[in-house]
Amino acid sequence: MAQNGFLEQKPGFATIAIHAGQEPEKWKSGAVVPPIVTATTFKQPAPAEPIEFEYGRSGNPTRNTLEECLAALEDGKHGFAFASGLGAATTIYSLLSAGDHVVCCDDVYGGINRLFRNVVQRMGIEISFADFTNLEKVEKVFQANTKMVWMETPTNPMMKVIDIGAISKLAKKRSSDIIVVVDNTFLTPYLQKPLNFGTDIVVYSLTKYMNGHSDAIMGAAIVRDDKLAERLRFLQNAMGAVPSPMDCYLVNRSLKTLALRMEQHKKSSLIVANWLKKHPQVLSVMHPGLPEHPQHELARRQMSGHSGVFSFVMAGGLKESRKFLMSLQIFILAESLGGYESLAELPSLMTHASVPAEQRAELGITDSLIRLSIGLEDPEDLINDLEHAFKATFSK
Ligand SMILES: *Cc1c(COP(=O)(O)O)cnc(C)c1O
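Reading the values: rules and limits
Residues numbered from 1 in each chain as written. Predicted model: local features only at pLDDT ≥ 70, side-chain atom pairs only at ≥ 80, totals over all residues. Heavy atoms only, no water. Salt bridge = Lys/Arg side-chain N within 4 Å of Asp/Glu carboxyl O. Helix = DSSP H or I, 4+ residues; strand = E, 2+ residues; numbered from the N terminus. Buried < 20%, exposed > 50% of the residue type's maximum accessible area, 1.4 Å probe, protein only. Pairing = 2+ DSSP bridges. Axes fitted to C-alpha atoms, helices over the stretch in contact; angles between N-to-C directions. Contact = heavy atoms within 4.5 Å. Expected span 1.5 Å × (residues − 1). Arc of directions from axis to C-beta. Polar contact = N/O pair within 3.5 Å; in protein donor to acceptor, adjacent residues only side chain to side chain. Parallel < 35°, antiparallel > 145°, perpendicular 65-115°, else oblique. Left-handed = near helix turned anticlockwise from the far one by under 90°. Nonpolar A, V, L, I, M, F, W, Y, C, P; charged D, E, K, R; others polar.

Undergrad: Explain the pattern of salt bridges to me, please; I cannot follow it from the model alone.
TA: A side chain with one charge may pair with a side chain of the opposite charge, provided their charged atoms come close. Enumeration over the complete set of coordinates arrives at 15 salt bridges. Of the charged contacts, one joins Glu297 and Arg300 as a salt bridge, the two residues approaching to 3.3 Å between their closest N and O atoms. Taken together, the residues Glu297 and Arg300, both in helix α11 (residues 296-302) and three residues apart, mark about one turn of the helix. Its salt-bridge partner being Arg371, residue Glu345 comes within 3.2 Å of it at the nearest N-O pair. In this pair, Glu345 is assigned in strand β11 (residues 343-345) and Arg371 in strand β12 (residues 369-373), connecting sequence segments 26 residues apart. An identical accessibility class is assigned to Glu345 and Arg371; each is buried. Look at the salt bridges and you will find they share partners, linking Asp106, Asp131 and Lys160 into a network.

Undergrad: Could you clarify how one ought to interpret the sheet that holds strand β7 (residues 219-223) in this entry?
TA: Consider a sheet: its strands pair through backbone hydrogen bonds, and that pairing is either parallel or antiparallel. Ordered in space as β1-β7-β6-β5-β4-β2-β3, the seven strands form an open sheet in which the pairing is mixed. The outermost strands of the open sheet, each flanked by one partner alone, are β1 (78-82) and β3 (126-130). Looking at each pair of strands side by side, their axes are set apart by 20 degrees on average, direction ignored. In terms of strand pairing, strand β5 (residues 179-183) meets strand β6 (residues 201-205) through three bridges, oriented parallel. Within β6, the position partnered with Val182 by the bridge is Val202. Taken strand by strand, helix α2 (residues 61-73) contacts β1 and β7, and its axis lies near 130 degrees from that of β1. Helix α3 (residues 85-93) rests against β1, β4 (146-152), β5, β6 and β7 of the sheet, and its axis sits at about 150 degrees to β6.

Undergrad: Help me out: how do you make sense of the pairing of β12 in this one?
TA: Regular strands show a simple pattern: their side chains alternate between the two faces of the sheet. Most of β12 is tucked away, with five of its five residues classed as buried. Side-chain alternation along β12 places Leu369, Arg371 and Ser373 on one buried face and Ile370 and Leu372 on a second face that is also buried. For strand β9 (residues 309-314) and β12, the ladder comprises five bridges, and the chain directions are antiparallel. Within β12, the position partnered with Phe310 by the bridge is Leu372. For β11 and β12, the ladder comprises three bridges, and the chain directions are antiparallel. Bridging across to β12, Leu343 finds its partner in Ser373.

Undergrad: Explanation requested: helix α14 (residues 379-394) in the structure shown.
TA: Each α-helix turn comprises 3.6 residues. Residues three or four places apart therefore point the same way. With 16 residues, α14 extends 23 Å between its outermost C-alpha atoms, agreeing within 8% with the 22 Å of an ideal straight helix rising 1.5 Å per residue. Inspection of α14 places Pro379, Leu382, Ile383, Asp385, Leu386, Ala389, Phe390 and Thr393 among the buried residues, and these make up the whole buried set. Considered in projection along α14, the buried side chains sweep an arc of 160 degrees and stay on one side of the axis. Residues of α14 that are exposed and angled more than 90 degrees away from the buried face: Asn384 and Lys391. Those residues of α14 that are buried lie in contact with α10 (258-277), β8 (282-286), β9, α12 (318-327) and β12.

Undergrad: What am I meant to see in the side chain of Gln22 here?
TA: Inspection of the secondary structure assignment puts Gln22 in the loop between α1 (13-19) and α2. Judged by relative accessible area, which is 5%, Gln22 ranks as buried. Of note is the side chain of Gln22, whose polar atom sits 3.0 Å from the backbone oxygen of Ala20. The residues contacting Gln22, other than those within four sequence positions of it, are Val32, Pro34, Thr65, Cys69, Asn252 and Lys256.

Undergrad: When you look at the side chain of Thr351 in this model, what are you seeing that I'm missing?
TA: Checked against the element boundaries, Thr351 lands in the loop between β11 and α13 (357-363). A polar atom in the side chain of Thr351 sits 2.7 Å from the side chain of Glu345. Of note is the side chain of Thr351, whose polar atom sits 2.8 Å from the side chain of His352. Discounting residues that sit within four places of it in the chain, Thr351 has contacts with Gly110, Glu335, Glu345, Leu346 and Arg371.

Undergrad: Any chance you could explain the packing of α3 against helix α4 (residues 110-120) here in plain terms?
TA: For any two helices packed against each other, the geometry comes down to the angle between their axes and how far apart the axes lie. Remark: α3 packs on α4, axes separated minimally by 11 Å, with the N-to-C direction vectors making an angle of 40 degrees. Taken together, the axes of α3 and α4 lie oblique to each other. In the packing of α3 onto α4, the handedness of the crossing is right-handed. Two secondary-structure elements touch here, α3 through Leu86, Ala89, Thr90 and Tyr93 and α4 through Gly111, Ile112, Arg114, Leu115, Val119 and Val120. Taken together, the residues of the contact of α3 with α4 break down into seven nonpolar, two polar and one charged.

Here it is in structure tokens:
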């Protein structure tokens, strides 16, 4: 359902989440809930003639069930599950070779930033960061050897919205071989489907909204193109960053309530953001669902709404931010996002501490910038908690 002029959500999402890949006929028992298959190897009736599976790293029935569901939700064709979001990223960048060049958005997840700067560059792959909300700046950093474009939208923690279609077009105009990757962790396919805007690979930290219960670390990649899928399937097995069947079961189970959860995260986060923006101790609120957000119009064309994560700048400095965060009673002071429980954190010292100080300053990640992940509690209680923390911080 569209709200406030956002992109219409295609009907059938909840049905796909519940049924795609979950056919009871798959299992001899007719199990309605896909079983957790823990076997690491599978009997072959004749040498090198496996029935369907041979070894747990190359394929597992529980994992395949999840991968099918992920591909269907994304309007994709092939899904790949990994041991973590960074495991998925590591496998995706392994599509590249020494001498290749990557163009990456500047305000990218701290762990991806660290992976690119401290690991990928050491492998002889060049990376250029650019502000992806400025197409001219992006165009300038492309090189003859650019082979991949990596973006995340909305960005973290500044909540800038990037025009996926425009960036994909820019890349493909230079060469159809450039692989465009979108990290869709913050929105999930319920709120944004990057493959429909010219993206080649959608990457996830399933750890966040997709699992939504803060009890499994996992990642995924989803593609349409068969050839690209073959390369990823090879790397998934060759590199081995695969998840356990137990965790696949958890995430597959969680997808059944994804539509309901995202709908509530969307509503509650807008209620809290609207309250914060009127608060005297709040200087600004970065939330793409607010009309004053600089890319609000783009957000409405590209997204079906915004999730529960957003940031705001509060009055004071590090002392006040610390006091505020430590005074919260319902919001838990912790990294991560996307669970049923509300979280609050200080990106400058926590999630983005690994981003070099000068890049943090450039982006506006100050000690007064707070990031919230609005969970599924009653929004009135969350507002009361924030009000209590402001009072504890600012009243004598
Ligand atoms: C958490 C996160 C990752 C990394 O995923 P892990 O599952 O923690 O390895 C990547 N991208 C984004 C946007 C994230 O929030």
